[in-house]
Every structure is written in structure tokens, then in C-alpha cells.
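# Structural features, examined
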Amino acid sequence: MKVIIVGSVAGGATAAARLRRLNEDDEIIMFERDEHISFANCGLPYYIGGEIKDRSRLLIQTVEAMSSRFRLDIRNLSEVVSINRKKKTVTAFNKTKNETYEESYDILLLSPGAKPLKPPIKGLEEADNLFVLRNIPDTDAIKNYTDNKKPKTAVVIGGGFIGVEMAENLHHLGIQVTLVEKLPQVMRTLDFEMAQFVHQELNAQGIDLILGEEVSEFTNHGHTVALKSGKSLSSDMTILSIGVVPESGIAKAAEIATGPRGHIKTNSHLQVFDANTGELIPEIYAVGDAIQVIDRITGQETAIPLAWPANRQGRLVADHICGLPAEYGGSLGTAVAKVFDLTVASTGNNESQLKEKNIPYRAIHAHRTNHASYYPDAQNISLKLLFSPDTGKILGAQAVGKEGTEKRIDLISATIRLGGGINELCDLEICYAPPYSSAKDPVNILGYIATNSLSGVYRYVQYNEIDDLVKKGVFLLDVRTAIEYSTGHMEGSVNIPMNELRSRLNEIPQDKNAEISVTCQVGLTSHVALMFLHGKGYTNLSNVSGGYLTYKTARFEPSACSHKPISRTEVNTDMNSFSDIKTIEVDVCGLQCPGPLMATHNAVKAAAEGEQIRIVSTDFGFAKDVESWCKANGHRLLSVSNANGKYTALLQKGSKPAVAQSNTVSQENATIVVFSGDLDKAIASMIIAQGAVAGGKKVTLFFTFWGLNALRKTQHISVKKNIIEKMFGFMMPRGARRMPLSNMNMLGMGPKMIKSIMKQKNVDDIETMIQKAMSEGVRFIACTMSMDLMGIKKEELIDGVEYGGVATYISSNENAGTTLFI
Ligand SMILES: Cc1cc2nc3c(=O)[nH]c(=O)nc-3n(C[C@H](O)[C@H](O)[C@H](O)COP(=O)(O)OP(=O)(O)OC[C@H]3O[C@@H](n4cnc5c(N)ncnc54)[C@H](O)[C@@H]3O)c2cc1C
């Protein structure tokens, strides 16, 4: 038997190798229009960006190696230009010899793939800096351009997977990238609120996002990109990645049936049909990006240009040709992409697709850590699940997060493929140890939320329904702690923390049929509150899916970014030119603000002028903070880079001292009067003091009246006191640890909660803050006059405190740039 294969990459090469493994005798000829066969198209962006350094790694197979291993007749640089179905021949054009010839076949397999869409935009053909990316020649052209022309700016048109990957990789080369997308979001496999996580990441990394905008024209040989809104962008290079169209030209010309978007139609054995009669053509098969497939979720026809389906179909066709049972049951579109430090994955249909197809669905969100939260480096994964409210069938899922994100989507994809629904998600027995997962994996949690939602106790409402609900008069209850609530909340919500709900029930509508929507940070505490309210007889309840985190993320406004991208190459060059200079390494991963800045300040203080300091931090704000800190303190910021969720700043100590050396008071100084005896205010004082020190100021804290309690030793000190002094001493808290909160003290519960939150968030406790501030050189002055009035003795105060009266305060305050009374 003689088999001809058109196309030699994902589908074609897979089929050829499998055919040979199954059958040693068949004659197999594989035509490839280009030079290269079986190359790693998915790796192309990473070679351009420098992640893959060696070009030869992209060439998985060569003509020689594959021919000899599988005894194939591989004809590269040979394009099949037509098919004669009657004669069972193809006509091929040999580009090397410039000749056309015919080749007969018993079986023909088409795997010609899809090509980048190039719409007739004015000025596109004249552009000398515009590229598409599909194959090795495209890659070489882009690489040559970036290497030789050294573009400073790039416009990427299209926010699909390839566009986003290219934006990231050009950014890694130090190019300022603007991504223009016609839709209001990138990555259309995600729903908007999930894509917002991607927008945040792109902006944070320095990619300028212009969403909901179309290109109208290229002028100036492509160096100016005009948008329909009238805006124009200057572009040193442009990547056009607005989608692909199937390479079905020769199939259409041979009257092989194609779908509405030009994809070749096939049966479940991947055999094609006659365009006129609809009859099956059993000797012609088609696979990969060029074909139409069945959407496994909806049963409708669709096209999914991804590598997994192409590879799977290639193998199945070889099996079928060799008489093995082989059927392709459709695609789910399971996909994953890296977007800087994020992993973005999805499977099945998204909400917009389900809406379009009028398929009833229910949507739920979950935000969970990728492994046990107590194990270091736990990172959030945000998930969305869509399922049928009638049958529990899973219709689609999306996840955005860091390590382990794609694993969750793979689990869901496998569950769908094996016919499982939301109950099976609960039943998935996952492997668990703290570094990998939690005993309740995020995927199990999705199953629990989904099954709970069908129990009828409450409904789910979505982030985009909240404003209307509030307008309608629905009571929106936020059951987070007051501290969480104060960091941001939904407009119109009322805060009653879960722990107070039982005692404050009189603050919510008393009518048991009143509509009450409950929210919290991620939708978990709200579930607890809803079960409680249900138990109390409330009947009209709903939970805000994904809680405040989904709501807040959905409101993010993608914008131009102020960060200048810093390339790895640039950093290296910098480091090379300073290679003789001593570099001090500082690792502050896990510390929250102001920890990283304090560590930077200390390291700089210890370094000699001209020495370099490299600080690695996981604090998101650090990249920005360090820039302004260096500017304010006369140090040179050599680079800031971001990889794997870590921000690395390399700086060189300048001549200006980080902290004023003399004791003389100047505009650089800051004085804080700590009058309050509240824990939260003492914490605020310490944070401000540390921040001011890090900013190069000389700081004096003047403790007076109730503020003195923060300086008291915790243990009882036996000193001589009169009866009133003893009573005062007994009633006042001994030390910062025992001080109450100014609000929501709740008989000591509030301070415990805030301490626990601080611990979780890696914020130092108040005593450590005091010790650190002292060691940074912050002056702690206890007001002797207040001590006298309150009967506090020197022996009762912690070491390192200075004693002074109002004169000391006045002198420290004189000419101070900052004076605070707390
Ligand atoms: C930059 C990039 C990144 C990608 N990243 C991913 C990813 O991360 N994950 C993923 O799942 N998918 C990814 N894809 C998509 C994936 O590569 C495709 O889905 C897959 O390669 C399709 O396989 P195919 O065999 O249908 O077509 P292709 O692999 O495109 O192969 C078709 C071949 O046929 C040749 N050909 C076409 N017509 C003729 C003719 N008439 N005669 C001779 N030869 C012909 C073409 O030159 C081409 O080499 C990416 C694609 C690109 C371009």
C-alpha cells in the first residue's frame, strides 16, 4: 500500500512514525512545503525570547534522521499543489528542482495545518517591520530583526495564546511591548473575570494593554500603527497574531467538503467527504488544525487548533489505516499557557460560549492555595467551574495561578473525558502531601461548591450582578473581619464579621423571606454564614461566587504600565560591566512590606560606597518601592527583574548616606509622638518609623501617657510604688503585647486576631518591630513627666529607651520634615 502524507509536523509526522511502527511494508511518502519537518512550533516564542537558547533544539527531527529511523520517503521543499481524486494522484512542486510531477496514492492523509490570518489592513503589505509566527523561517526573520535592528518598541496585535507569549518574550528582550486586542480581554478561552488576572499580570510586568481596540491602518512602512479610535502607536516592530485559518485550499479545489470557516469535515475515523454529494471518501483522511471537530461538551462542530488533537488524530489515522479500531470522539480544547509568572489553563466551554449556544449552566468560583497553606511558598490558584444545573455534567473549567494550576485543569479534563460530573470531582482521590496539595484539593473543593449549590439552601450570584442587587434593595452582607473589610469592599455592603453574626442578627433584615446576599474574601466564610442563616429560617439567600477577590479583580482597569521592562540580557550586561565589584546578596523572600525595604536599607548601610547589593523579594510592591527608595537615597538602581514570582533588584550604593549620620536635626528628620495606648496605633507608629528610616530619615519616637505602655516590660517588676501608682500599674497593660485594639477589641479577641493575621502575612509582631526599629537607630524617648504622673518607673521599661521631657521632644521636633501625633 502506498500512503501519501501532506504536511510533516504535528499530525503528519506522528501518523508517519506510527504507520511505520505498525507496518514495515507500506510505502510512505511525506511531503513538506518548507525545509524543516517535525519542528517544535510551540517552542518558537521561547527561542525568540531567549529562554530556549539553541535553535537546533527546535528541530526535533531532521529529514535524514527520520527517514532512516522509520524508512520514510520524506520530500521537503515539495508542495502538494493539487489532488486528483479520480486518478488518486497528487501533483507536487519540487522547489529545489523547480519541477512539478505527479505521485499516486492508495491512501492520502492531509495534515496541512493552519496559517496566520492576514486581513487586508491598509498599509500591511508595505510594512517592513511586520511579522507573523508559524514556522522556522518566521522565527528566523523575527530573531534576525531583534538581533540586528534592536527594536525598542513593539506592538503585538492579538491577545490570543501566541500574541501573549510573544508579548512576554519580546519583553524579555528589553522591548517595550504594547498589546492591542479587539476584544475587551485577552485569551478568549477564559471568561472576562478570569482574564482580568492575566491583565493584572501583563500590566504588572510592564506590558501596555490596549483592549477593545482595532488596528485600522499601518503607515510609515509599518512604523506607525493607527487604531480605529484615532489613537496611533509608534512601533519598531509589529507581530500580527490575530488567529489562524485552515490550509484547506487543495482540499477545497479537490471538492472535499469543508465547514463554514473552511475546515475540512471528517467522520469519526477522520475520513473526508465529497463536497457535492456528501459521500464518504474512505481513502482520504485529514487531521490537525485544518479540520473541523466535534466539541465534546456540546456535540456541535468546532475547530480547535492545538497540538494535542493533531497528535492524537495522527496516531488514530495510522491505526485505522492498519485496520485497528480507531475513533476520534471530539475535542475539549484543553489548553495551557505561561503568562510571565502565571499559568493560565482551561478546558471545555466558557461562559460566553455556553451563553451563545443557549446551554443552561451554573458558574462557580474558588480561590485556593496550590498546596498546604502552612507549607512555604503556597500560592493562590483561582478557578472557575461551569456545569449543568440539571445533570451535574461539567461543561468547562478555567484556572489562573502559579505552580500546579494546569494539574487541576488536567484533572477536570480527565474527569469530563471519562464521563464524570461534579460528584466525581468530590470523589477524585488525589495524591497529597503538604508540598503538593491539600487533603481537600482545589478540584475537590470545586466539586463541593458545585454540589452544595445544587442543595437548594442558597443560590450563587456573580460579581457583575452585585450593583444591580444592591440597587434592587437586596441586603448585601460581608462577613469578613473588619480589618479585611477596611481594605476594600463591595459598594453597598454591610460588614458583620462571621464571628459576630450570631450576636448581631438584629442588624440584618428580620423578614425571613428578605433577599440576602452574603460575601467574604473568596466565598468560603460566606458559605458558613449562609448555612447559619438558613438554619435561622432565612429562605432567600445567595452567595457571591468567588467573593470579594473575584469582584475586585473583575474591576481591575487594564492600562499602560509605568514599569520599564528590564531584559535578562540588559541585566547581564550590567552585571558584566560591574563584575569586579563586590555584590552583597540579600534574600527577603516571604517578607511583607516594609521588611524588604528595611533589609535593603540595612544592607546598603553596611556596604561601602560603590558596592552592589542584590535583593530578592517575593513582595509584589518591592519592585516599585526600591526604585523610589534608590532615587530618594542617592543609590543607583541597576536593574529590576522578575522571574518565577520573585523580584530581584540590583543596586549600587551611592555617595549620599542612607541615614543622616549626625544627630543634628534637619528636614530629613521625623518625629512621632506616641500618645495612644492602642495596639493598632502602636503598630502603625512602628511601620511608619521603619519606613521613614528606610527612606533615610532620622526618626524619634516620643512616648507619652498611654503610649508608655508599649515600652513596659511584660514581666512584673518589683518597684516601690504608692497605692495609686500600684492601682494604675495594675490596670494598665504591661507591654505592647497586652495592649487592646482601638476598635473591635472584643474582650481581647481583636488583638489575637490581628496578631494571627500578621503572622500569616509574615508581618513582624509589635515587639519584634520595636526591637528592629531600635536596632535601625530609631530613638525611643519616654516622657519622664508622664511617667511621673502615671507612676511608671524606669526599671519597668524595656532596655534601650532614652528618657526626656518636653524639651527633648521640642528639640527633636525642631525642623523635622515630618511630625506625627498618634
Ligand atoms: C508559535 C506557535 C505556538 C504554539 N503553541 C502551542 C502550544 O503551546 N500548545 C498547543 O497545543 N498548540 C500550540 N500551537 C499549535 C500547534 O502547533 C498546532 O495545533 C499543531 O502544530 C497543528 O498540527 P498540524 O499537523 O495540523 O499542522 P502543522 O503542525 O502546522 O503542520 C502543517 C505542515 O504542513 C505543511 N504544509 C501545508 N500545506 C502543504 C502542502 N500543500 N504541501 C506540503 N506541505 C504543506 C506546512 O508547511 C506545515 O509544516 C502553536 C502554534 C504556533 C505557530
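Residues numbered from 1 in each chain as written. Predicted model: local features only at pLDDT ≥ 70, side-chain atom pairs only at ≥ 80, totals over all residues. Heavy atoms only, no water.

## Notes on the pairing of strand β33 (residues 612-617)
- For β33, a buried count of six out of six residues is recorded, marking the element as mostly surrounded by other parts of the structure.
- Of the two faces of β33, the one carrying Q612, R614 and V616 and the one carrying I613, I615 and S617 are both buried. (Buried < 20%, exposed > 50% of the residue type's maximum accessible area, 1.4 Å probe, protein only. Helix = DSSP H or I, 4+ residues; strand = E, 2+ residues; numbered from the N terminus.)

## Re the pattern of salt bridges
- If you walk through the whole model with that rule in mind, you get 33 salt bridges.
- Put simply, D274 and R85 hold a salt bridge, and the shortest N to O gap is 2.6 Å. In this pair, D274 is assigned in the loop between β18 (271-273) and β19 (280-286) and R85 in the loop between β4 (78-84) and β5 (89-94), connecting sequence segments 189 residues apart.
- Residue D274 is classed as buried on the basis of its relative accessible area of 10%.
- With relative accessibility at 23%, the residue R85 sits in the partly exposed group.
- Taking the shortest distance from any N to any O, the salt bridge between K87 and E102 comes out at 3.1 Å. In this pair, K87 is assigned in the loop between β4 and β5 and E102 in strand β6 (residues 99-104), connecting sequence segments 15 residues apart.
- For E102, a relative accessible area of 40% puts it in the partly exposed group.
- What you see here is one network of salt bridges that share partners, running through D191, E193, E351, K355 and K384. (Salt bridge = Lys/Arg side-chain N within 4 Å of Asp/Glu carboxyl O.)

## Comments concerning the packing of aromatic side chains
- Considering all chains together, one arrives at seven aromatic pairs under this definition.
- When the centroid spacing of 6.4 Å and the interplanar angle of 45° are considered together, the rings of F31 and Y101 count as tilted. Residue F31 is found in strand β2 (residues 27-31), and its partner Y101 is found in strand β6; the two are separated by 70 residues along the sequence.
- For the ring pair F131 and Y145, a centre distance of 5.1 Å and an interplane angle of 65° mean the geometry is edge-to-face. (Phe/Tyr/Trp six-rings, centres within 6.5 Å; stacked < 30°, edge-to-face > 60°.)

## Notes on the confidence of the model for the protein chain
- Overall, the prediction assigns the protein chain a mean pLDDT of 90, with 94% of residues at 70 or greater.
- Across residues 562-578, where pLDDT falls below 50, the model places 31 contacts with residues more than four positions away in sequence or in other chains.
- This stretch, residues 658-666, has a pLDDT under 50; its non-local contacts, to residues over four places away or in other chains, come to 21 contacts. (pLDDT = per-residue confidence, 0-100. Contact = heavy atoms within 4.5 Å.)

## Brief notes about the site of the ligand
- Around the ligand, the surrounding shell holds 27 residues, and the nearest of these are G11, E32, S111, D289 and A307.
- N41 places a polar side-chain atom, nitrogen or oxygen, 3.1 Å from an oxygen atom of the ligand.
- With respect to the ligand, the backbone of V80 contributes an N or O atom lying 2.9 Å from a nitrogen atom.
- Calculation on the ligand without its partners gives an accessible area of 990 Å², and the protein chains cover 90% of this total.
- At the level of secondary structure, the elements contributing two or more residues to the shell around the ligand comprise α1 (10-22), β4 and α8 (307-321).
- In terms of residue count, β4 provides more of the shell around the ligand than any other element does, three residues in total.
- Grouping the amino acids of the shell around the ligand by side-chain chemistry returns 14 nonpolar, seven polar and six charged. (Near = heavy atom within 4 Å. Polar contact = N/O pair within 3.5 Å; in protein donor to acceptor, adjacent residues only side chain to side chain. Areas by Shrake-Rupley, 256 points an atom, 1.4 Å probe, with all protein chains shown as cover. Nonpolar A, V, L, I, M, F, W, Y, C, P; charged D, E, K, R; others polar.)

## Digging into unusual backbone geometry
- We note that S38 has phi near 35°; this positive angle belongs to a residue other than glycine.
- Phi angles above zero are rare outside glycine, and K88 is one such case at about 55°.
- Along the polypeptide, K88 turns up in the loop between β4 and β5.
- Taking relative accessible area as the criterion, K88 reaches 33% and is therefore assigned partly exposed.

## Section: the environment of S413
- Secondary-structure assignment places S413 in helix α10 (residues 405-417).
- As a C-alpha pair, S413 and E609 span 196 residues in sequence and 57 Å in three-dimensional space.
- Beyond its immediate stretch of four places on either side in the chain, S413 contacts L332, T334 and T347.

## Things to note about the environment of R362
- Position of R362 among the secondary structure elements: in strand β24 (residues 362-369).
- The spatial distance from the C-alpha of R362 to the C-alpha of Q690 is 49 Å, given a sequence separation of 328 residues.
- A polar side-chain atom of R362 sits 2.8 Å from the main-chain carbonyl oxygen of S453.

## Concerning helix α23 (residues 749-760)
- The terminal C-alpha atoms of α23 lie 16 Å apart, and with twelve residues this matches the ideal 16 Å at 1.5 Å per residue to within 8%.
- Three or more residues of α23 are buried, namely G750, P751, I754 and M758. Along the long axis of α23, the arc covered by the buried residues comes to 95°, so they all point the same way. For α23, the exposed residues set more than 90 degrees away from the buried face come down to K752, K759 and Q760.
- On its buried side, α23 packs onto α14 (482-486), α21 (679-694) and α24 (766-775).
- Within two residues after α23, N762 carries a phi angle of roughly 60°, on the positive side. (Expected span 1.5 Å × (residues − 1). Arc of directions from axis to C-beta.)

## Considerations on the packing of α10 against helix α12 (residues 442-453)
- Remark: α10 packs on α12, axes separated minimally by 9 Å, with the N-to-C direction vectors making an angle of 55°. With respect to their mutual orientation, α10 and α12 come out oblique. Across from R408, L411 and I412 in α10, the residues of α12 making contact are P442, V443 and L446.
- Along the lines of polarity and charge, the residues of the contact of α10 with α12 split into five nonpolar, no polar and one charged. (Axes fitted to C-alpha atoms, helices over the stretch in contact; angles between N-to-C directions. Parallel < 35°, antiparallel > 145°, perpendicular 65-115°, else oblique.)

## Considering the nonpolar core
- Within the largest apolar cluster, 50 residues are counted, with the highest numbers of intra-cluster contacts made by I5, M66, I83, L108, L110, I256 and I264.
- When residues in this core are grouped by element, the largest group, five residues, is from α1. (Core = buried A, V, L, I, M, F, W, Y, C linked by side-chain atoms within 4.5 Å.)

## Quick notes on the sheet that holds strand β26 (residues 394-401)
- The five strands lie next to each other as β22-β23-β26-β25-β24, forming an open sheet whose pairing is antiparallel. Strand pairing shows two members of the sheet lacking a second neighbour, β22 (335-339) and β24, which therefore form its edges. Here the strands of the sheet are splayed against their neighbours by 15° on average, with no regard to which way each runs.
- Pairing of β22 with strand β23 (residues 342-348), which is carried by five bridges, proceeds in the antiparallel orientation. Residue A337 lies in a different strand from β23, and its bridge partner there is V344.
- Across the face of the sheet, α12 comes into contact with β24 and β25 (380-387) while running at roughly 145° to β24. (Pairing = 2+ DSSP bridges.)

## Some points on the pairing of β24
- For β24, a buried count of six out of eight residues is recorded, marking the element as mostly surrounded by other parts of the structure.
- Pairing analysis gives eight bridges linking β24 to β25, with the strands arranged antiparallel. From the neighbouring strand, H365 faces β25, where its bridge partner is K384.

## What about the sheet that holds strand β15 (residues 232-234)?
- Spatially, three strands are ordered β13-β14-β15 in an open sheet, and the strand pairing comes out antiparallel. What marks the edges here is a single partner per strand, and that holds for β13 (215-219) and β15. Here the average twist between neighbouring strands, direction ignored, is 20°.
- The pairing of strand β14 (residues 224-227) with β15 spans three bridges and is classified as antiparallel. From the neighbouring strand, V225 faces β15, where its bridge partner is L233.

## Describing a negative patch on the surface
- Together, D377, E403, E406 and D410 make up a negatively charged patch on the protein surface.
- Tracing the backbone shows E403 in the loop between β26 and α10. (Patch = residues over 30% accessible without salt bridge, like charges linked within 9 Å, V, L, I, M, F, W, Y side chains within 5 Å. Lys, Arg positive; Asp, Glu negative; His and termini not counted. Charge placed at Lys NZ, Arg CZ, Asp CG, Glu CD.)

## Comments concerning the state of the cysteines
- Tallying each qualifying case throughout the model produces zero disulfides.
- Free of any disulfide, C426 has its nearest neighbouring cysteine sulfur in C431, separated by 18 Å.
- Residue classification places C426 among the buried positions, given a relative accessible area of 17%. (Disulfide = S-S within 2.5 Å.)

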